[in-house]
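Now for the letters of each chain:
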Amino acid sequence: MKSVYFFANLVVALFIFPYSSAWGTSGTWTITTNTDLSEGHNGSIVIGADNITLNCRNNVVMGSNGTGHGIAVAERIGVTIKNCVVKNFRAGFRILQSRASFFLDNNSSDNTEEGFDVDNVHETQFTRNVATRNHDGIDLGDSNTNLIQRNNFSINRANGIELDRSHGNTIELNITNNNGFSTNRNGISLDLSSGNFLRLNHSNFNRRNGIRLTDASNNNMLTSNVACNNGEFRLGPDIFVSGSTGNTSVNNTFCKGPMPFIPSSLPPPILLPPGD
């Protein structure tokens, strides 16, 4: 079993890329044009225009005392933020009332609340990001038709991925391992969230459940996910459904102990029971 734990944490480490921490600027910086960082920034960055790109080139955006927002995007369209390392804020990324944007290859870790705090955001892509040692890795509220793909949201105090009142999102090929260690939470948690697509995610060794659907999280499709060894002492339910109907499971693996080979064939879908 020790080798399994080592592998789970090694996968997280492989996603965390090297970065530069030399400080070139400080304070709250509002950018309105395409911007590349050549050095780190000590303070917050505010995205002040639509259709612009911030490329941090793996430089650090550093906060102090776990307060404020590292990179703030509010009421924006068509923004791209990539290669940023954001640390020591309340929320690494605060994204509000925005759409049609891209968050690529960022690392948002060691923040007191969310790595990515996403509220009323639509048609936006989160790809190849890392969020670890936050409260939640990524928390979507009232956010629809987004793509959350190939991210690593592991070793957070609460949930790796959390959806609240969020519908029609695609969540695929993510790693959400070892979450909830201080708050008894989950790898992937949906609350009042329907019509989402969860596929090919790995959600293992979380403190409560690997995948959790509650409070009228209806008509979600779960395909080819792996959720193993979740719960206290790795003995709790790997998937938990309560008060939710019409959810469908196809070719998922829920297990204890060694994780088995995942077959390539897809059996007929299984309708998940609604729970209590």
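The structure we're discussing is the one just above.
Going along each chain's sequence as written, the residues are numbered from 1 onward. Under the rules for a predicted model, residues below a pLDDT of 70 receive no local features and side-chain atom pairs below 80 are neither given nor counted, while totals for whole chains, interfaces and linings still include all residues. Note: side-chain values were computed over all heavy atoms of the structure, leaving out hydrogens and water.

*Asks:* Even after reading the chapter, I still don't get the nonpolar core, so can you show me in this structure?
*Replies:* In globular proteins that are soluble, nonpolar side chains generally tend to be buried together. For this analysis, a nonpolar core means a set of buried residues of the types Ala, Val, Leu, Ile, Met, Phe, Trp, Tyr and Cys, connected via side-chain atoms within 4.5 Å. Think of it in three bands: residues with accessible area under 20% of the maximum for their type are buried, residues over 50% are exposed, and the middle band is partly exposed, with areas taken using a 1.4 Å probe on protein chains only. Residues Ile47, Leu54, Ile71, Ile81, Phe93, Ile95 and Phe116 are the most contacted members of the largest nonpolar core, which totals 38 residues. At the level of elements, β5 (45-47), β8 (69-74), β11 (91-96), β14 (114-119), β16 (136-141), β18 (161-164), β20 (188-191) and β22 (211-214) are the ones that each hand at least two residues to this core. If sequence neighbours within four positions are ignored, Ile81 has contacts with Ile47, Leu54, Ile71, Val73, Phe93, Phe102, Phe103, Leu104 and Asn106. Elements are defined by DSSP. Helices are runs of H or I of four residues or more, strands are runs of E of two residues or more, and each kind is numbered from the N terminus. Note on contacts: a residue pair qualifies if any of its non-hydrogen atoms lie within 4.5 Å across the two residues.

*Asks:* So what exactly am I meant to see when it comes to the state of the cysteines here?
*Replies:* Where two cysteines share a covalent bond between their sulfur atoms, that bond is called a disulfide. Note that a disulfide, as used here, is simply two cysteine sulfur atoms within 2.5 Å. Across all of its chains, the model carries two disulfides by this definition. Each sulfur of the disulfide joining Cys56 and Cys84 lies 2.0 Å from the other. Across the S-S bond of Cys56 and Cys84 the torsion is about 75°, and the bridge reads as right-handed. Of the two residues, Cys56 is situated in the loop between β6 (53-55) and β7 (60-62) and Cys84 in the loop between β9 (80-82) and β10 (85-87); the sequence distance between them amounts to 28 residues. The class of Cys56 is buried, set by a relative accessible area of 0%. Residue Cys84 is classed as buried on the basis of its relative accessible area, which comes to 0%. Here Cys228 engages in a disulfide with Cys255; their sulfurs sit 1.9 Å apart.

*Asks:* Mind showing me how you'd approach the side chain of Ser143 here?
*Replies:* One can find Ser143 in the loop between β16 and β17 (147-149). On the basis of relative accessibility, which here comes to 0%, the residue Ser143 falls in the buried class. Within 3.5 Å is the distance limit for a polar contact, defined as a pair of N or O atoms, with the added protein rule that one can donate a hydrogen and the other accept it, and that residues adjacent in sequence qualify only through two side-chain atoms. A polar atom in the side chain of Ser143 sits 3.0 Å from the backbone nitrogen of Val121. Not counting chain neighbours up to four residues away, the residues in contact with Ser143 comprise Val118, Asp119, Asn120, Val121, His122, Arg165, Ser166, His167 and Asn169.

*Asks:* Please clarify how the sheet that holds strand β4 (residues 40-42) should be interpreted in this entry.
*Replies:* Think of a sheet as strands paired side by side through backbone hydrogen bonds, with each pair either parallel or antiparallel. The strand order β1-β4-β7-β10-β13 describes an open sheet built from five strands, whose pairing is parallel. Looking along the sheet, the strands with just one partner apiece sit at the ends: β1 (23-26) and β13 (107-109). Geometrically, the sheet is characterised by an average inter-axis angle of 20° between neighbouring strands, direction not taken into account. In this structure, β7 lies alongside β10, joined through three bridges in parallel fashion. Bridge pairing in β10 links Val60 to Val85. Any two strands are treated as partners once DSSP identifies two or more bridges connecting them. A fitted line through C-alpha atoms serves as each axis, taken over the contacting stretch for helices, and the angle formed by two N-to-C directions is quoted from 0 to 180°.

*Asks:* What exactly am I supposed to notice about the pattern of salt bridges here?
*Replies:* Pairing is possible between side chains of opposite charge, provided their charged atoms come close. The salt bridge definition used is simple: a Lys or Arg side-chain nitrogen within 4 Å of an Asp or Glu carboxyl oxygen. According to the stated counting rule, one finds 11 salt bridges in the structure shown. Glu232 is the salt-bridge partner of Arg207, the closest N and O atoms lying 3.9 Å from each other. You can see Arg207 sitting in the loop between β21 (197-199) and β22 and its partner Glu232 sitting in the loop between β24 (226-228) and β25 (239-242), a full 25 residues away along the chain. It is possible to trace a salt-bridge network through shared partners that takes in Lys87, Asp110 and Arg133.

*Asks:* Quick question: what am I supposed to make of the sheet that holds β18 here?
*Replies:* Read from one edge to the other, the open sheet built from 10 strands follows the order β2-β5-β8-β11-β14-β16-β18-β20-β22-β25, with strand pairing classed as parallel. With partners counted over all chains shown, the strands left at the sheet margins are β2 (29-31) and β25, one partner each. Shown here is a sheet whose adjacent strand axes are inclined to one another by a mean of 10°, direction ignored.

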